[in-house]
Amino acid sequence: MNSAPPPSSFDRNTEFYEENRWQKLKRRVFEEPLIPLGCGLTVWALYEATQSMKKGDHNRTNAMFRRRIYAQGFTILAMLAGSIYWSGDRTKRKEYKDLIATKNAKDRHEAWLRELEARDQEDREFEEKMALRARMVRGRAAEEAGASQEERRAIEQQQAGTIGEIRSVLEECERRREGRIVAAARALWQSRQ
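Residues numbered from 1 in each chain as written. Predicted model: local features only at pLDDT ≥ 70, side-chain atom pairs only at ≥ 80, totals over all residues. Heavy atoms only, no water.

Caption draft 1: Region of interest: the pattern of salt bridges. Under the counting rule described, the total for this entry stands at nine salt bridges. For R28, the salt bridge goes to E32, with nearest N and O atoms at 3.6 Å. R28 sits in the partly exposed class, given a relative accessible area of 32%. With relative accessibility at 8%, the residue E32 sits in the buried group. R119 is the salt-bridge partner of E115, the closest N and O atoms lying 3.0 Å from each other. A residue pair is termed a helical-turn pair when its members lie 3 or 4 positions apart in one helix, as E115 and R119 do in helix α4 (residues 87-144) at four residues. Here E115 falls in the partly exposed class, since its relative accessible area comes to 39%. Look at the salt bridges and you will find they share partners, linking R28, E32 and R90 into a network. (Salt bridge = Lys/Arg side-chain N within 4 Å of Asp/Glu carboxyl O. Buried < 20%, exposed > 50% of the residue type's maximum accessible area, 1.4 Å probe, protein only. Helix = DSSP H or I, 4+ residues; strand = E, 2+ residues; numbered from the N terminus.)

Caption draft 2: Representation of the packing of helix α2 (residues 34-55) against helix α3 (residues 58-85) in the model. Viewed as axis vectors pointing N to C, α2 and α3 meet at an angle of 165°, and their least axial separation amounts to 8 Å. As summarised for this structure, α2 and α3 are arranged roughly antiparallel, according to the angle between their axes. Crossing of α2 over α3 shows left-handed handedness. For the contact of α2 with α3, the residue count by class is 16 nonpolar, six polar and four charged. (Axes fitted to C-alpha atoms, helices over the stretch in contact; angles between N-to-C directions. Parallel < 35°, antiparallel > 145°, perpendicular 65-115°, else oblique. Left-handed = near helix turned anticlockwise from the far one by under 90°. Nonpolar A, V, L, I, M, F, W, Y, C, P; charged D, E, K, R; others polar.)

Caption draft 3: Just a nonpolar patch on the surface, in detail. There is a patch of nonpolar side chains on the surface, built from L34, L37, L41, W44 and F74 and spanning about 450 Å² of accessible area. Sort the elements by how many residues they give to the nonpolar patch and α2 lands first, with four residues. Here L41 shows up in helix α2. With a relative accessible area of 38%, L41 lands in the partly exposed category. (Patch = residues over 30% accessible without salt bridge, like charges linked within 9 Å, V, L, I, M, F, W, Y side chains within 5 Å. Areas by Shrake-Rupley, 256 points an atom, 1.4 Å probe, with all protein chains shown as cover.)

Caption draft 4: Highlighting the side chain of E48. Mapped onto the fold, E48 is located in helix α2. Within polar-contact distance, the side chain of E48 engages the side chain of R60 at 2.7 Å. Those residues in contact with E48, other than ones at most four positions away along the chain, are R60 and M64. (Polar contact = N/O pair within 3.5 Å; in protein donor to acceptor, adjacent residues only side chain to side chain. Contact = heavy atoms within 4.5 Å.)

Caption draft 5: Geometry of the environment of I76. Topologically, I76 is positioned in helix α3. Residues I76 and G38 lie 38 residues apart in sequence; the distance between their C-alpha atoms is 8.4 Å.

Caption draft 6: Molecular detail of the side chain of R27. Along the chain, R27 falls in helix α1 (residues 21-31). The buried category is assigned to R27, whose relative accessible area is 15%. Those residues within four positions of R27 in sequence are excluded, and the remaining contacts are E19 and R93.

These figures come from the coordinates and say nothing about function on their own.
Below, the structure written as structure tokens:
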């Protein structure tokens, strides 16, 4: 994926940043002011036509309906002209949104990879700690089985440096695995006994 920042034409141009519905409506009204004007003229012509119908003035009613048609035609022409005029800007805006979507997808993917690497590292550390614990258990088993004095001393010397480390590591692992919910459940269980 391309990690390059957006093109420099987007740097200082604030109109390309995320906008809500009202900001978009305001921007579109200022970009194409003839469309709201045409809509307003159409509504005015319809209002005048209904007023003249209530009064019974058929000539004015027909004139207002013609003006409504002209206003609607003006609105459609304004929409077409605005669409043609602003097409380059819309293309740039779409490119920018695509760049942002690509960047967000890349960031999510990288975060997922970091999470997997962290979990893998934790698994390796846990396996190393379990191997140390297994050696300690074997040493105790040899001690209980009546290993010779020299063998026990060798095992004790080997374990002397690692026993404190193993205990602190195992306690840390147990603390990490026991979250607040499990601790609360254990406290509740112990209070009932």
